[in-house]
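# Per-entry structural report
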Amino acid sequence: MAIRIIRSLLCLACLCSTGVGFAQLAPYGSGGAGAYSSSPYAASQGYSPTGYSGYTAPPQGVMPMNYERPLPGSPEAIANGMYIPDSQVLPTDPGNDRAFDRVFRKVFDRSWIRLEALHWDVDSPGSHVLGANPIADQVGDPIDPTVIRQIFDPSGTSIGFGFTPTLRGMSFNDNNGIRGTFGREDSWGSYQLSFWGIEEASETQRFDDLFGGTNFFLTTTLDIDNNLTNYALLADVYENVAYETSLWGANSEFRVNTGQWPDGMNVQWVGGMNFTQLHESMRINTGFNNQGLNTLLESRIESNIMNNMFGPVVGLNVDFETPWITFGITPKAILSVNQIRYSIRTEDLAYVGDSGKSERNDYELSPILTLAVYAKLKINDSFSLYASWDGTYLSRIARSANTINYNDNSATARTDLGINRNLNSFTMSGISVGGELLLY
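Residues numbered from 1 in each chain as written. Predicted model: local features only at pLDDT ≥ 70, side-chain atom pairs only at ≥ 80, totals over all residues. Heavy atoms only, no water.

### Let's talk about the environment of Arg283
Here Arg283 shows up in strand 12 (residues 265-288). Put simply, Arg283 and Ser303 are 20 residues apart on the chain and 6.6 Å apart in space, counted from C-alpha to C-alpha. (Helix = DSSP H or I, 4+ residues; strand = E, 2+ residues; numbered from the N terminus.)

Laid out in structure tokens, this is it:
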């Protein structure tokens, strides 16, 4: 009986041992028979050969808790077929992916800036007479006030000699300035925005040395009620004239390609808007003491004129381009509307307190013509030297020298000089040199 019980227990133990062996696989990575692995040498089998101790991986869909991703390019990554990024496909510079950098490159792609030093001549006021011209002599005939003549007091007695000066000696050449231009090239042509200005041109005439002798006068001749007379304001101590001219402007334009031309030749239509300001002032200061008999009377006449011209631009640009140098010419016309501000002020003309002021705003049509001839020398892919000659003609503008109406209205007690709405032309021309820098 005991033997049968022992034999039964042994059979039961064998049966239990056999069931466990089939229900449990070997632990992951333990090797040996029955160890589950993914072998590169037996990709179609579920088990590694007995005794194989190479790299093994967990079953598909199973990842151990302490798994670390292999480094790209390592033997483990290559064995498992991991993707290695191509530096030529994916950008390696993080700056190229920044939003500001993308916008900046898009806005300034194929753009450039140019800075030039200007050396221009501008129109002088000419030989304008500082008084009414002509005047009447003693018998009422018209005469030139700039020639030396006898001067009479109100009673008709001769008190000496004198004449009316002019602005003939003034010259406004050799003025320096600066011009900056931003441009952007495109498939249809280009866009340009420029600002320019020249230094204030000023001249002074002094007539102090004319009063060395006695009984000599400088005269500011007058009309009376718009009629010729021989009346005049006198100076016998000094007469000084200061004249100033300032110019600046801005230009915005598109240059549109016109089609196919011979290799190296480009023709573009030009259109846009232009603003030009011409500001002038003239001050006449005189001193009179009646040959030392009276208290010194210091008088002043000032003319201040502002021309603000704004209008559309039409023109043509033609250039001839070689690999290293470009020549071009650009004629343009500007149909400007001119806002003119007149201001005439007088102080103590015939006596202390004989002062006045006249102001007026007008609008005139003032066309402008410009011509530029330029050359550009390429130094490298980013920088070029630039030189040009520019000429500008302004029409129907007001100037300080000829906007004073030397007329006295006899119905008023004061000497009421007024505004003369006289329009003239104005020219400026000169050279510029500078450099052009390609931004992108």
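### Observations concerning the environment of Ala398
On the secondary structure map, Ala398 appears in the loop between strand 18 (383-397) and strand 19 (404-405). Assessed through its relative accessible area of 1%, Ala398 is described here as buried. Taking the C-alpha atoms as reference, Ala398 lies 6.9 Å from Ile305; in sequence the two are 93 residues apart. Setting aside residues no more than four positions away along its own chain, Ala398 makes contact with Ile305, Asn307, Ile340, Tyr342, Thr403, Asn422 and Leu423. (Buried < 20%, exposed > 50% of the residue type's maximum accessible area, 1.4 Å probe, protein only. Contact = heavy atoms within 4.5 Å.)

### What to know about the packing of aromatic side chains
By the definition in use, this model includes 7 aromatic pairs. Ring centres 5.9 Å apart and planes at 40 degrees place the aromatic pair Phe172 and Tyr243 in the tilted group. Of this pair, Phe172 sits in the loop between strand 5 (158-163) and strand 6 (175-186) while Tyr243 sits in strand 11 (residues 238-257), and the two are 71 residues apart along the sequence. Tyr243 shares its class with Phe172; the two are buried. Ring centres of Trp188 and Phe254 lie 6.0 Å apart, and the angle between their planes is 45 degrees; this geometry places the pair in the tilted category. Taken together, the positions of Trp188 in the loop between strand 6 and strand 7 (189-206) and Phe254 in strand 11 put the pair 66 residues apart, joining distant regions of the chain. Assessed through its relative accessible area of 45%, Phe254 is described here as partly exposed. Taken together through their ring pairs, the aromatic side chains of Trp188, Tyr191 and Phe254 make up a single cluster. (Phe/Tyr/Trp six-rings, centres within 6.5 Å; stacked < 30°, edge-to-face > 60°.)

### Examining the side chain of Ser111
Tracing the backbone shows Ser111 in strand 1 (residues 111-122). When its relative accessible area of 0% is taken as the criterion, Ser111 is described as buried.

### Some thoughts on the pattern of salt bridges
Evaluation of the coordinates by the stated rule reveals 17 salt bridges. In this structure, Arg114 engages Glu116 in a salt bridge whose closest nitrogen and oxygen atoms are separated by 3.5 Å. The pair formed by Arg114 and Glu116 is uniform in burial state, with each residue classed as buried. The partner of Arg283 in a salt bridge is Glu244, with the nearest N and O atoms 3.3 Å apart. (Salt bridge = Lys/Arg side-chain N within 4 Å of Asp/Glu carboxyl O.)

### Things to note about the nonpolar core
The biggest cluster of nonpolar side chains holds 46 residues, and the ones touching the most others in it are Val122, Leu167, Val241, Leu247, Met282, Tyr406 and Phe426. Apart from residues lying up to four places away in sequence, Val122 is in contact with Phe172, Asn173, Asn175, Ile198, Ala201, Leu247, Phe426, Thr427 and Met428. (Core = buried A, V, L, I, M, F, W, Y, C linked by side-chain atoms within 4.5 Å.)

### A word on a nonpolar patch on the surface
On the surface, a cluster of nonpolar side chains totalling about 780 Å² of accessible area is made up of Ile113, Trp324, Leu377, Ile379, Phe383, Leu385, Leu437, Leu439 and Tyr440. For Trp324, the position within the fold is in the loop between strand 13 (297-321) and strand 14 (325-334). Using a relative accessible area of 53% as the deciding quantity, one classes Trp324 as exposed. (Patch = residues over 30% accessible without salt bridge, like charges linked within 9 Å, V, L, I, M, F, W, Y side chains within 5 Å. Areas by Shrake-Rupley, 256 points an atom, 1.4 Å probe, with all protein chains shown as cover.)

### Things to note about the confidence of the model for the protein chain
Looking at the protein chain as a whole, the pLDDT averages 84, with 75% of positions reaching at least 70. Note on residues 15-48: pLDDT is under 50 here. Beyond four places in sequence and across chains, it has 27 contacts. (pLDDT = per-residue confidence, 0-100.)

### Focus on unusual backbone geometry
Along the chain, Asn133 connects to Pro134 via a cis peptide bond; the corresponding omega equals 0 degrees. Tracing the sequence through the fold places Pro134 in the loop between strand 1 and strand 2 (135-136). We note that Asn226 has phi near 65 degrees; this positive angle belongs to a residue other than glycine. Looking at where Asn226 falls in the secondary structure, it is placed in the loop between strand 9 (223-224) and strand 10 (232-235). The backbone of Gln291 shows a phi angle near 60 degrees, a positive value even though the residue is not glycine. With respect to the helices and strands, Gln291 occurs in the loop between strand 12 and strand 13.

### Quick look at the sheet that holds strand 5
Two strands in a sheet stick together by hydrogen bonds in their backbones, pointing the same way (parallel) or opposite ways (antiparallel). Ordered in space as 4-5-8-10, the 4 strands form an open sheet in which the pairing is mixed. The open sheet has two edge strands, strand 4 (149-152) and strand 10, and neither has a second partner. Taking each pair of neighbouring strands and ignoring which way they run, the sheet shows an average axis angle of 50 degrees. Alignment of strand 5 against strand 8 (residues 216-221), held across 3 bridges, turns out to be parallel. What sits directly across from Gly162, in strand 8, is Phe217. (Pairing = 2+ DSSP bridges. Axes fitted to C-alpha atoms, helices over the stretch in contact; angles between N-to-C directions.)

### Examining the pairing of strand 8
A large share of strand 8 lies buried, amounting to 6 of its 6 residues. Of the two faces of strand 8, the one carrying Phe216, Leu218 and Thr220 and the one carrying Phe217, Thr219 and Thr221 are both buried. Note: strand 8 against strand 10, 4 bridges, orientation antiparallel. The residue of strand 10 that forms the bridge with Thr221 is Ala232.

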